Amino acid sequence: DQQVKQNSPSLSVQEGRISILNCDYTNSMFDYFLWYKKYPAEGPTFLISISSIKDKNEDGRFTVFLNKSAKHLSLHIVPSQPGDSAVYFCAASTTDSWGKLQFGAGTQVVVTP
Amino acid sequence: NAGVTQTPKFRVLKTGQSMTLLCAQDMNHEYMYWYRQDPGMGLRLIHYSVGEGTTAKGEVPDGYNVSRLKKQNFLLGLESAAPSQTSVYFCASSRTGGGKYEQYFGPGTRLTVT
């Protein structure tokens, strides 16, 4: 039973435009959400996170929005750059879970010139 | 500062063979994790450790064993490999748990079981 879902396996966006990646979750106990970025043949790297007490967190070109009532979060990348082409994973955790993360299946982003 | 390293990078096993994957971190992190990544399924937690000498089961522990004899190392063992264990394995570490402390991942080990 997948508790974190990324329903779009791929996304193509033009350089300079906005990329919007979506993630839905089913477990209302999740209280911390993270996005990881993964290039081929490398491990995932941390991108940005948000606590459930917030609804927005921003870091440079990356902004994560959390809608707890809808159990939905999104990652906005503005503007998109060619180096952003990668697989993006949404992950969620609960405070008492020893840091264990539940990952979504990932969204492949391709930024075209 | 190498971060998280994994050995080996690639391995091909025959069904029934055994092997050990080694993960090492030089960040003095307490927590370590082993994940597997399969197409269309994201990363799934196999086993984890919250400190030297401790281990616990994750989401998909069957067919795997782990040991954390030293704080910096976390070993993943396959006693009798099966084709269903063909996957990419990632090790990760974090300062502590609770989700807000990011996990740092190694580059992965691609394992094929024939």
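Scroll up a little and you will see the structure.
Since we're looking at a predicted model, the values are computed, not measured.

Caption draft 1: Main features of the state of the cysteines. Residue and element names in this part refer to chain A. According to the stated counting rule, one finds 2 disulfides over all chains in the structure shown. Paired through a disulfide, Cys23 and Cys90 show a sulfur-sulfur distance of 2.1 Å. Taking the sign of the torsion about the S-S bond as the criterion, the disulfide between Cys23 and Cys90, at about -75°, is left-handed. Residue Cys23 is located in strand E3 (residues 19-25), and its partner Cys90 is located in strand E9 (residues 86-93); the two are separated by 67 residues in the primary sequence. On the accessibility criterion, Cys23 (0% relative accessible area) is buried.

Caption draft 2: Layout of a nonpolar patch on the surface. Residue and element names in this part refer to chain A. A cluster of nonpolar residues, Ile18, Ile20 and Val78, forms a patch on the protein surface that exposes about 230 Å² of accessible area. Relative to the helices and strands, Val78 is located in the loop between strand E8 (72-77) and E9. Look at Val78 and you get partly exposed, because its relative accessible area is 43%.

Caption draft 3: Quick look at the layout of surface pockets. Roughly 470 Å³ of volume is contained in the largest pocket. Taken together, 22 residues form the lining of the largest pocket, with Lys38(A), Gln37(B), Val88(B), Phe90(B) and Arg110(B) sitting closest to its centre. Of all the elements in the fold, those that place two or more residues in the lining of the largest pocket are E9 of chain A together with strand E9 (87-94) and strand E11 (109-113) of chain B. Broken down by element, the residue count for the lining of the largest pocket peaks at 4 residues, all from E11(B). Partitioning the lining of the largest pocket into residue classes produces 10 nonpolar, 7 polar and 5 charged. Computed from the structure, the second largest pocket encloses a volume of approximately 180 Å³. Every residue lining the second largest pocket is counted, 13 residues in all, and those nearest its centre are Gln3(A), Ser97(A), Lys100(A), Leu101(A) and Gln102(A). Split into classes, the residues belonging to the lining of the second largest pocket amount to 4 nonpolar, 7 polar and 2 charged.

Cut-off values and rules
- Residues numbered from 1 in each chain as written.
- Chains lettered and ligands numbered in written order.
- Predicted model: local features only at pLDDT ≥ 70, side-chain atom pairs only at ≥ 80, totals over all residues.
- Heavy atoms only, no water.
- Disulfide = S-S within 2.5 Å.
- Helix = DSSP H or I, 4+ residues; strand = E, 2+ residues; numbered from the N terminus.
- Buried < 20%, exposed > 50% of the residue type's maximum accessible area, 1.4 Å probe, protein only.
- Patch = residues over 30% accessible without salt bridge, like charges linked within 9 Å, V, L, I, M, F, W, Y side chains within 5 Å.
- Areas by Shrake-Rupley, 256 points an atom, 1.4 Å probe, with all protein chains shown as cover.
- Salt bridge = Lys/Arg side-chain N within 4 Å of Asp/Glu carboxyl O.
- 1 Å grid on protein atoms, 1.4 Å probe; cavity = no way out; pocket = protein on both sides within 12 Å on 5 of 7 lines; lining within 4 Å.
- Points joined across faces, edges and corners; volume = space filled by probe spheres on them.
- Nonpolar A, V, L, I, M, F, W, Y, C, P; charged D, E, K, R; others polar.

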